[in-house]
Amino acid sequence: MPGQAFVSRNIANMVPPFDQLRHTETGAVIEYAIKALKVKNILVIGHSRCGGVERLMNLPDDSDSHTYDFIDDWVKIGLPAKKKVLEENNGLPCEELLKLCEKESVNNSLGNLLTYPYVRDAMTSGQLALRGGYYDFVNGHFEQWRAFTPAPPLPPMPQPF
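Residues numbered from 1 in each chain as written. Predicted model: local features only at pLDDT ≥ 70, side-chain atom pairs only at ≥ 80, totals over all residues. Heavy atoms only, no water.

1. A short note on the packing of helix H4 (residues 79-88) against helix H5 (residues 94-113)
Argument step 1. For the pair H4 and H5, interaxial distance at closest approach is 8 Å and the crossing angle is 135 degrees. Between H4 and H5, the angle falls in the class oblique. Like other packed secondary-structure pairs, H4 and H5 cross with a definite hand, here right-handed. Every residue of H5 that contacts H4 at Pro80, Ala81, Lys82, Lys84, Val85 and Leu86 is listed here: Leu97, Leu100, Cys101, Glu104, Ser105 and Asn108.
Argument step 2. When grouped by side-chain class, the residues that make up the contact of H4 with H5 number seven nonpolar, two polar and three charged. (Axes fitted to C-alpha atoms, helices over the stretch in contact; angles between N-to-C directions. Helix = DSSP H or I, 4+ residues; strand = E, 2+ residues; numbered from the N terminus. Parallel < 35°, antiparallel > 145°, perpendicular 65-115°, else oblique. Left-handed = near helix turned anticlockwise from the far one by under 90°. Contact = heavy atoms within 4.5 Å. Nonpolar A, V, L, I, M, F, W, Y, C, P; charged D, E, K, R; others polar.)

2. Here we look at the UniProt feature "binding site: Zn(2+)" (unreviewed entry) in the protein
Argument step 1. Using the residue numbers shown here, the UniProt feature "binding site: Zn(2+)" (unreviewed entry) corresponds to His47 and Cys50. For the largest cavity, the lining residues drawn from the annotated set are His47 and Cys50.
Argument step 2. By the element assignment, His47 lies in strand E1 (residues 41-47).
Argument step 3. We classify His47 as partly exposed; its relative accessible area is 22%.
Argument step 4. In contact with His47, other than residues within four places in its own chain, are Asn13, Glu102, Tyr134, Tyr135 and Phe137.
Argument step 5. Within the secondary structure, Cys50 is located in the loop between E1 and helix H2 (51-57).
Argument step 6. Residue classification places Cys50 among the buried positions, given a relative accessible area of 4%.
Argument step 7. Once residues within four sequence positions are removed from consideration, Cys50 is found in contact with Ala12 and Glu102. (UniProt positions renumbered as here; feature names shortened; annotations may be inferred. 1 Å grid on protein atoms, 1.4 Å probe; cavity = no way out; pocket = protein on both sides within 12 Å on 5 of 7 lines; lining within 4 Å. Buried < 20%, exposed > 50% of the residue type's maximum accessible area, 1.4 Å probe, protein only.)

Shown next as structure tokens:
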């Protein structure tokens, strides 16, 4: 229904770390969602056969080498996910590594969300939950996980007599 979902889409479904000078369009979406709309959940969804994550996995090791002007710089947001997948899954076929990186990239973005002060504040006050999701287009399967949920409310303090 209108007014029940606020959506932002980009290449590889990535959320960059907080930075007031770079990627300000993503920061503006996050700030508006939290401060103005007071959303209760943020769901970052990755998907199978993601061209952006495939580009991330195929980035040349030479950081000065660029095939694309904007895409290569953007997908570098996911370098921590790529590094983790390669370190923990050495020897798996490329197709499996890609699928693992598609999911780990979601976790990377969820971690990056915590670098935004208003996200962190909403999490600390128990008003926001961060969730990850992955849609497998091939099998029509969707999985969701809770990455960071609001802290449970503290029990009331006993009143002194």
